[in-house]
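# Inside the fold
Here is how the chains run, residue by residue.
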Amino acid sequence: MNFRDHINFRDLGGYKSLDGRHIKPGLLYRSGGLYLMNQEETEYFLSLGIRHIMDFRTKEETDAHPDPVFPGIEMIRHSGITTKGGEEIDFSPTGMSQIGESGINQLKKLKEYYRNIPFDNDAFKNLMAMIVAREVPLVFHCYTGKDRTGVFAIVLLLALGIDEETVMRDFMLSNYYHRDALLRALNDGADKFEEHPEVKELLTMWFGVSEDVGREVISEIKTRYGSPEEYFIREYGLDEDSLWDLRDFYLE
């Protein structure tokens, strides 16, 4: 298992934009918990010239598994969780293994919760401001690098003019990096899927990511604001000229 598989770490560089340019490599990284790195991986990480780390985890998560202290790198913790409805969701193994009506309700709550993440999210706004200010290279991460991190990556890639199918491919890559845990969970629960299809979707969201959720995030942005462009104006104060300035710096 390599470094990227181990913590779902990857460079967003290389993705092609709608205008034919590509995101410059070595500037924008996404990841899971950095506390999982061994010494060799830490040395590689330090070789990337990272200036800032945005940790989307809650205080409880960071207290339990603090990131290493890296010399010369600014560590910023700002929870990426939006609490609207989230306090009603049981994220424990019991909650994520429910079946029948309770499982269906859990699934509905989860989808609604993730649809809310891109809105009124101060952590996302702070990180976008850093990116606009060109405070790079930087890495943003949460616990597994797939949910809070995955949703911000959707937002960032849309801001950089990446087409929606490419955005979704990046989102779904987390299932590849978490493939061992996801496959084990799906194999262990397979006997319930025919009678309780909600179990498969819950397990997929627990150990990986759901394509439906990623697409619903994009759809919700359009539903609320009419277009991604209006979303960036209303949520981040980025008008058309600001977006082009952003793309001119981060694309080549």
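As the structure is a prediction and not an experimental result, all values here were calculated from the model.

Cut-offs applied
Residues numbered from 1 in each chain as written. Predicted model: local features only at pLDDT ≥ 70, side-chain atom pairs only at ≥ 80, totals over all residues. Heavy atoms only, no water. Helix = DSSP H or I, 4+ residues; strand = E, 2+ residues; numbered from the N terminus. Rg over C-alpha atoms; globule rule 2.2 N^0.38 Å. Buried < 20%, exposed > 50% of the residue type's maximum accessible area, 1.4 Å probe, protein only. Areas by Shrake-Rupley, 256 points an atom, 1.4 Å probe, with all protein chains shown as cover. Pairing = 2+ DSSP bridges. Right-handed = clockwise from strand over helix to strand, strands pointing away. Core = buried A, V, L, I, M, F, W, Y, C linked by side-chain atoms within 4.5 Å. Phe/Tyr/Trp six-rings, centres within 6.5 Å; stacked < 30°, edge-to-face > 60°. Lys NZ or Arg CZ within 6 Å of the ring centre and 35° of its normal.

Our next topic: the overall build of the protein chain. Along the protein chain, the regular secondary structure elements total 12 helices and 5 strands. Compactness check: the protein chain gives a C-alpha radius of gyration of 18 Å against a globular reference of 18 Å for 252 residues, within 12% of the reference. Viewed in the frame of its principal axes, the protein chain has a C-alpha envelope of about 50 × 45 × 30 Å. When burial is assessed residue by residue, the protein chain has 52% of its 252 residues classed as buried. As displayed, the protein chain has an accessible area near 11,800 Å², and 50% of this comes from carbon and sulfur atoms.

What follows covers the pairing of strand β3 (residues 52-55). Judged by which residues are buried, β3 turns out to be covered on both faces: H52 and M54 on one side and I53 and D55 on the other are all buried. Sheet topology note: the β3/strand β4 (residues 74-77) ladder contains 4 bridges and is parallel. Paired with D55 across the bridge in β4 is R77. In this fold, the crossover linking β3 to β4 by way of helix α3 (residues 59-64) has right-handed handedness. Examined bridge by bridge, β3 and strand β5 (residues 138-141) share 4 bridges and lie parallel to one another. Paired with H52 across the strands is L138, a residue of β5.

So, about the nonpolar core. One finds L28, F56, L127, I131, F140, F152 and F232 to be the most contacted residues of the largest nonpolar core, which totals 53 residues. When residues of this core are assigned to their parent elements, the largest contribution, 9 residues, is made by helix α6 (residues 148-159). Residues F9, L34, F45 and F70 belong to the second largest nonpolar core, which totals 12 residues.

Attention now moves to the pairing of β5. With burial as the criterion, each face of β5 is covered, one bearing L138 and F140 and the other bearing V139 and H141. As paired elements, strand β2 (residues 28-31) and β5 share 4 bridges and run parallel to each other. Opposite L28, over in β5, you have L138 as the bridge partner.

Attention now moves to the packing of aromatic side chains. Overall, the coordinates contain 19 aromatic pairs when judged by the stated rule. For the ring pair F119 and Y225, a centre distance of 6.1 Å and an interplane angle of 45° mean the geometry is tilted. Taken together, the positions of F119 in the loop between α4 (100-116) and α5 (122-132) and Y225 in helix α10 (residues 211-225) put the pair 106 residues apart, joining distant regions of the chain. Exposure class is identical for F119 and Y225. Each is buried. Here Y231 and F232 contribute two aromatic rings whose centre-to-centre distance is 5.1 Å and whose plane-to-plane angle is 65°, an arrangement assigned as edge-to-face. Take Y231: its relative accessible area is 0%, and that puts it in the buried class. Residue classification places F232 among the buried positions, given a relative accessible area of 1%. The structure contains a cluster of three or more aromatic residues connected by ring pairs, namely F119, Y225, Y231, F232 and Y236. Note that K24 overlies the ring of F249, its terminal NZ or CZ placed 5.0 Å from the centroid. It is R179 that lies over the ring of Y176; its NZ or CZ is 4.1 Å from the centre.

Here we come to the sheet that holds β3. On the basis of which strands lie adjacent, the open sheet formed by 5 strands has the order β1-β2-β5-β3-β4 and mixed pairing. Every interior strand has two partners, whereas the edge strands, β1 (10-11) and β4, have only one.

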